[in-house]
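# Results of the structural survey
Each chain is listed here by its residues.
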Amino acid sequence: MSSKEDYELVVGLEVHAELSTKTKIFCSCSTEFGAEPNTHICPICTAMPGALPVLNEKVVEYAVKAGLSTNCSISKDSKNDRKNYFYPDLPKSYQISQFDKPLCNNGYVEIEDDFGNSKKVRILRIHIEEDAGKLNHNEYSGGSLVDLNRAGVPLIEIVSEPDINSSDEADRYLKKLKSILQYIDVSDCKMQEGSLRADVNVSVHKKGEPFGTRHEIKNMNSFKSIQRAIDYEKEKQIIDVENGKTITQETLRWDDFEGQTSEMRDKEDAQDYRYFPEPDLVAIRLSDEYIEDIKNNLPEMPESRKERYIKEFKLTEKEANFLVSSKAFSDIFEKAGEICKNYKAVFNWLNSDISRILNEKEFEPEQIPFSAENLAELVTLIDNGTISSSIGKKVLDELFENPREPKKIIEEKGWIQISDESAIKEVVMKVLQNNPQSIADFKAGKDKALAFLIGQAMKETKGKANPKMLTDMFLAELKK
Amino acid sequence: MNITELTVHELQEKIKNKELTSEQITKAYIDRINEKENDVAAFVTICNDSLEQSKKIDEELNKENNIADGSLKGIPIGIKDNICTKGIKTTCSSKMLENFISPYDATVIEKIKSEQMPILGKLNMDEFAMGSSTENSAIKITHNPWNLNKVPGGSSGGSAAAVAANMVPWALGSDTGGSIREPASFCGVVGLKLTYGLVSRYGLVAFASSLDQIGPITKDVEDSAILLNVIAGHDEKDTTSYDRPKIDYTKSLKNDVKGLKIGVPKEFFGEGISEDVKAKLKESIEVYKSLGAEVEECSLGAVEYALATYYIIACAEASSNLGRFDGIRYGYRAKEFSDLKELYVNSRTEGFGDEVKRRIILGTYVLSSGYYDAYYKKAQKVRTYVKKQFDENFKKYDVLLTPVAPTTAFDIGQKKENPLEMYLADVCTVSINIASVPAISIPCGVGKDGMPIGMQLIGDRFSEEKLLNAAYTFEQKIKFRENYKPGFNK
């Protein structure tokens, strides 16, 4: 018997990212998510007889951007192909994709391996294709209803080489890819809306031996599930090999509830897609100038933002890493900081309370419902003493629940800080009067008594008293 | 005056001179359709409301003191039933689309509507344009006006028969491997297959996307030039259409072929071509010589492979193009099915005719893994080779002269049960589509059976002007329409 450590895991990922173009890849219908079924459709994306596709140039531009940002070489001579299969969500009965001449080839993404070293995950290709529609179960009739709003939404498929050797690496690769796509602004990568999906290829082999046969887990749309599925498959395949079973090529689906994979039914493994060049579209020819132009206009990438944060805002590398890990964080940081001029405070909010709430709600940073302006205002309100930082936290909760201007929130809730000297003095005197024991304790050297007294005063004012003034006044009275 | 005997350019004159109204013209055609449809069976849908349109157009025409030269306002037209017309059924002569009404107009229909030409109806065809006799229509069998026992050719058989029978002044057809030219030849009318990309395919129900082109079927060459003026041009909805300067094709009709270099590829006169056809073509060559053209024999050896290449490429594309007829969103859906797969299989089995199924199966086969290289990929290579041979010939010749079909129109039912023999009817026409070049079919006489014989002139890509002039000059000399008329014999 060999032990688990004798095995090496090999993972390759095929990531599908929906591009955030305003219109579909072959017609001018909107790509907006969440519309009433079959309202973003036309003769082209419903495959009416005689309708023809016209390639949306933005899609090519976005794919080239993605290729350049992942160190791919861009093909100047590319084309579209038809992938033929029948399914009700595929109106033409073929998907227009790219077969043997993808737009981008041979790139890589740099990640950290499990030992903290830098590692390149090679990218075999990136190609453009169209998304299919969606089948909705009809609760009334029991049948299925086809919604073609998503049919023709542009996708890029990013195919990695099998360079990933752990589920953690897979997670880091996916996060890195997501961050790149967000930074170059070609995909919003909203997992919950299915804008980022992955097919995961997993195999195991004994160290020093050739690669094992792979299992493909289809259509995963959560990073956590992908990690779990990889770990599950690794375990299962090692046990199978140990038990002398031959691993055959399989297409699987992941059941997140049961925490296991199962073979996909009726998906013939030997599906023959009969790829051939799409005769309705002309070849895609790109000039050197076109590619160069896109290259020169790529937005600032996370690495460069990180360096800037360390240099300009005196953040530590760890802090800067946290910010650039998400474009949403990084964008809010820059914008809010610019407005309120207190970058450190903005960072702290993002790093602590905002991150905590996102975690609790299981939200992605891009789902933060309020604006950078809101956060900047919150910081300013604390900085100028209008509210205390403990009220600030309550304001933040409000911003998550029902985003509006923080000023309005504190007005509505009556949370404006009491900074009026006589009002505070009144509270201080009242609290001292009611707590003679604490005065005695303080005088006996117990500093905790001061905190207790301040707490009592806060209780009295429902947290609205200016804490600095409160502390100063207590100290002055106690030392009398 | 018999209105329906007139060509479109003659009708234009009469409208301009206020000798005829649009209503009179359309009425004459509707009457003629009612008179002849029982015999010819050219129409899938007759649009009686075209008469109402004509009345409205007349109101406008009445207000115009000086009707513009070249105006087609009020001149009706017939449309092959695979070109999408909003609000009028587009059936492709298939059970699959028997009740299908397109939600949009094809680009050529938009152009026709902007000229204010009333649509008389939709014309019969082989199902999904697959066939050479219009016998593959699931709607009806069209009869050749010259002899009602004969086929009108196909797939645009309804269009050609209707023009020959004076049931429409002119019509639009589509040509994938000869579907305009062969029926034009069988029915003694003029059929023009254009350079691939000269006319938008948007709204033409696709059979083989890289080969399909819409084109005119008319009584004479001048009418072809006029209709070409209407339909030609780049369309941003069809990226395979070309952006080229606008041309007035009627200006190319010079009635002069002195010095024109005509090549006669010997491969088109071999075995299988009837003696009747050969004899008429030889006479035609003499006519050209007498008109001052330089004619010599040439070679186009690659055409030997054109038919096989054509059937591989056309069927491959068709197998994919016809996948959308799945019974899900529109078209025929089987009544009986127990799961998704059965819904597909039963709908397509019941909705498609035999020839369509045969080509889908062929196309699926040649694209399948393991066979792709041997068939589809090889066919693409041969296609390049055929193109190259045409290119070489066009370095030497302005046009090439060949038969359109090996024989005159054959009897209804004669080849129906023998698909291979039917495919051979396309032997002279398919290489033109393979090479993406234009060709025109014009009548050059009748055979011993009294049926028309067509001559095919082939030009280099975008040389329609040269082609039209060569055809026009010949037509003016032999005056076919004045000498022969369809007899509606039974």
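Quick caveat: nothing in here was measured; it's all calculated off a predicted structure. (Residues numbered from 1 in each chain as written. Chains lettered and ligands numbered in written order. Predicted model: local features only at pLDDT ≥ 70, side-chain atom pairs only at ≥ 80, totals over all residues.)

### Let's talk about the overall build of chain A
- Helix and strand counts for chain A come out as 15 helices and 16 strands.
- Since a compact globule built from 480 residues should have a radius of gyration of about 23 Å, the 29 Å found for chain A marks it as more spread out than a globular shape.
- Principal-axis analysis of the C-alpha atoms gives chain A an extent of 90 × 60 × 55 Å.
- Relative to its 480 residues, chain A shows a buried fraction of 40%.
- The contacts of chain A with a sequence gap of at least 6 include a subset with a gap of at least 24, amounting to 70%. (Helix = DSSP H or I, 4+ residues; strand = E, 2+ residues; numbered from the N terminus. Rg over C-alpha atoms; globule rule 2.2 N^0.38 Å. Buried ≥ 20, exposed ≤ 12 C-beta atoms within 10 Å, placed from the backbone. Contact = placed C-beta atoms within 7 Å.)

### Details of the overall build of chain B
- Within chain B, the regular secondary structure consists of 16 helices and 11 strands.
- A compact globule built from 490 residues should have a C-alpha radius of gyration of about 23 Å, and chain B, at 21 Å, falls within 12% of that.
- Each of the three principal axes of chain B carries a C-alpha extent, and together these read 65 × 55 × 45 Å.
- In chain B, the share of contacts with a sequence separation of at least 24, taken over all contacts with a separation of at least 6, comes to 76%.

### Quick look at the sheet that holds strand E6 (residues 104-112) of chain A
Residues and elements named next belong to chain A.
- Overall, mixed pairing links the 9 strands, which are arranged E2-E6-E7-E10-E1-E11-E12-E13-E14 in an open sheet. Among the strands making up the open sheet, the edge pair consists of strand E2 (73-74) and strand E14 (260-263).
- Here strand E1 (residues 7-18) runs beside strand E10 (residues 154-160); their pairing, made up of 5 bridges, is antiparallel. In the sheet register, Val-15 faces E10, and the bridge partner there is Ile-158.
- In the packing of helix H2 (residues 167-183) onto the sheet, the strands contacted are E1, E6, strand E7 (118-130), E10 and strand E11 (196-206), and the crossing angle to E6 comes to about 115 degrees. (Pairing = 2+ DSSP bridges. Axes fitted to C-alpha atoms, helices over the stretch in contact; angles between N-to-C directions.)

### A word on the domain arrangement of chain A
All names here are of chain A.
- The assigned domain composition of chain A is domain 1 (4-290), domain 2 (302-413) and domain 3 (421-478).
- If you look at the interface, domain 2 gives 4 residues, while domain 3 gives 4 residues.
- Looking at the side of domain 2 that touches domain 3 residue by residue, the class counts come to 1 nonpolar, 3 polar and no charged. (Domains from an automatic or database assignment. Nonpolar A, V, L, I, M, F, W, Y, C, P; charged D, E, K, R; others polar.)

### Brief notes about the packing of helix H9 (residues 372-383) of chain A against helix H11 (residues 406-413) of chain A
Residue and element names in this part refer to chain A.
- Look at H9 against H11: their axes get within 8 Å of each other, and the N-to-C directions meet at 55 degrees. In terms of orientation, H9 lies oblique with respect to H11. Taking contact as the criterion, the partners of Asn-374, Glu-377, Leu-378 and Leu-381 in H9 are, on H11, Pro-406, Lys-407 and Ile-410.
- By residue class, the composition of the contact of H9 with H11 is 4 nonpolar, 1 polar and 2 charged. (Parallel < 35°, antiparallel > 145°, perpendicular 65-115°, else oblique.)

### Considerations on helix H12 (residues 373-396) of chain B
- For H12(B), built from 24 residues, the straight-helix expectation of 34 Å at 1.5 Å per residue is met to within 8% by its first-to-last C-alpha distance of 34 Å.
- Regarding H12(B), the residues found buried are B:Tyr375, B:Tyr376, B:Ala379, B:Arg383, B:Val386, B:Phe390 and B:Phe394.
- In the core, the buried residues of H12(B) are packed alongside strand E15 (276-277) of chain A together with helix H9 (306-321), helix H11 (354-367) and helix H14 (430-434) of chain B. (Expected span 1.5 Å × (residues − 1).)

### Observations regarding helix H14 (residues 448-460) of chain A
All names here are of chain A.
- Between its first and last C-alpha atoms H14 spans 19 Å; for 13 residues at 1.5 Å apiece the expected length is 18 Å, and the two agree.
- Among all positions in H14, only Ala-449, Leu-453 and Ala-457 are buried. One face of H14 carries all of its buried residues, which in axial projection span an arc of 80 degrees. Away from its buried face by more than 90 degrees, H14 exposes Lys-448, Gly-455 and Lys-459.
- Buried residues belonging to H14 abut helix H12 (421-434), helix H13 (436-443) and helix H15 (467-478). (Arc of directions from axis to C-beta.)

### Here we look at the nonpolar core
- Formed by 219 residues in total, the largest nonpolar core has its most connected members in A:Ala63, A:Val200, B:Ile77, B:Ala171, B:Leu457 and B:Ala471.
- No other element matches H9(B), which puts 9 residues into this core.
- Filtering out sequence-adjacent residues up to four positions away, B:Ala171 remains in contact with B:Ile77, B:Gly78, B:Ile79, B:Lys80, B:Leu123, B:Ser159, B:Ala162, B:Val163 and B:Ile217.
- Residues A:Ala336, A:Trp349, A:Ile368 and A:Val395 belong to the second largest nonpolar core, which totals 35 residues. (Core = buried A, V, L, I, M, F, W, Y, C linked by C-beta atoms within 7 Å.)

### A few points about the sheet that holds strand E5 (residues 94-97) of chain A
Residue and element names in this part refer to chain A.
- The sheet built from 3 strands is open, its strands ordered E5-E4-E15 with antiparallel pairing. Every other strand in the sheet has two partners, leaving E5 and E15 as the edge strands with one partner each.
- Pairing geometry for strand E4 (residues 81-84) and E5, over 4 bridges, is antiparallel. Following the sheet pairing, Lys-83 is matched in E5 by Gln-95.

### Looking at the interface of chain B and chain A
- Contacts between the two partners involve 34 residues from chain B, matched on the other side by 25 residues from chain A.
- Listed by contribution, the elements that provide at least two residues to the side of chain B that touches chain A are H9 and H11 of chain B.
- Of the residues in the side of chain B that touches chain A, the class split is 14 nonpolar, 12 polar and 8 charged.

### What about the pairing of strand E3 (residues 119-123) of chain B?
Residue and element names in this part refer to chain B.
- A large share of E3 lies buried, amounting to 5 of its 5 residues.
- In this sheet, E3 lies alongside strand E1 (residues 43-46) in antiparallel orientation, the contact comprising 3 bridges. Bridge pairing links Ile-46 to Gly-121 in E3.
- Taken together, strand E2 (residues 77-80), helix H4 (residues 107-114) and E3 constitute a β-α-β crossover, and its handedness is right-handed. (Right-handed = clockwise from strand over helix to strand, strands pointing away.)

### Section: the packing of H12(A) against H14(A)
Residues and elements named next belong to chain A.
- It is the contact of H12 with H14, at a shortest axis distance of 10 Å, that shows an interaxial angle of 120 degrees. When the interaxial angle is binned, H12 and H14 end up oblique. Between H12 and H14 lies a crossing whose hand is right-handed. On H14, the residues touching Val-427, Val-428, Lys-430 and Val-431 of H12 are Leu-453, Gln-456, Ala-457 and Glu-460.
- Looking at the contact of H12 with H14, its residues break down into 5 nonpolar, 1 polar and 2 charged. (Left-handed = near helix turned anticlockwise from the far one by under 90°.)

### What to know about the environment of A:Glu139
All names here are of chain A.
- Looking at the secondary structure, you find Glu-139 in the loop between strand E8 (134-137) and strand E9 (144-147).
- What makes Glu-139 exposed here is the crowd of 6 C-beta atoms within 10 Å.
- C-alpha of Glu-139 to C-alpha of Lys-4: the two residues are 135 residues apart in sequence and 47 Å apart in space.

### With respect to the pairing of strand E9 (residues 399-403) of chain B
Residue and element names in this part refer to chain B.
- Counting buried residues in E9 gives 5 out of 5 residues, a clear majority hidden from the surface.
- Sheet analysis places strand E7 (residues 261-265) next to E9, joined by 2 bridges and oriented parallel. Counted as the bridge partner of Ile-262 is Val-399 from E9.
- Pairing between E9 and strand E11 (residues 452-459): 5 bridges, direction antiparallel.

### What about unusual backbone geometry?
Residues and elements named next belong to chain B.
- For the peptide bond that leads from Gly-154 to Ser-155, omega is 10 degrees, which places it in the cis range.
- Note that Ser-155 resides in the loop between E3 and helix H5 (157-164).
- The backbone of Ser-93 sits at a positive phi, close to 50 degrees, despite the residue not being glycine.

### Regarding the environment of A:Asp255
Residue and element names in this part refer to chain A.
- For Asp-255, the position within the fold is in strand E13 (residues 250-255).
- Residues Asp-255 and Ser-222, 33 residues apart in the sequence, show an inter-C-alpha distance of 12 Å.
- Setting aside its immediate chain neighbours within four residues, Asp-255 contacts Gln-260 and Ser-262.

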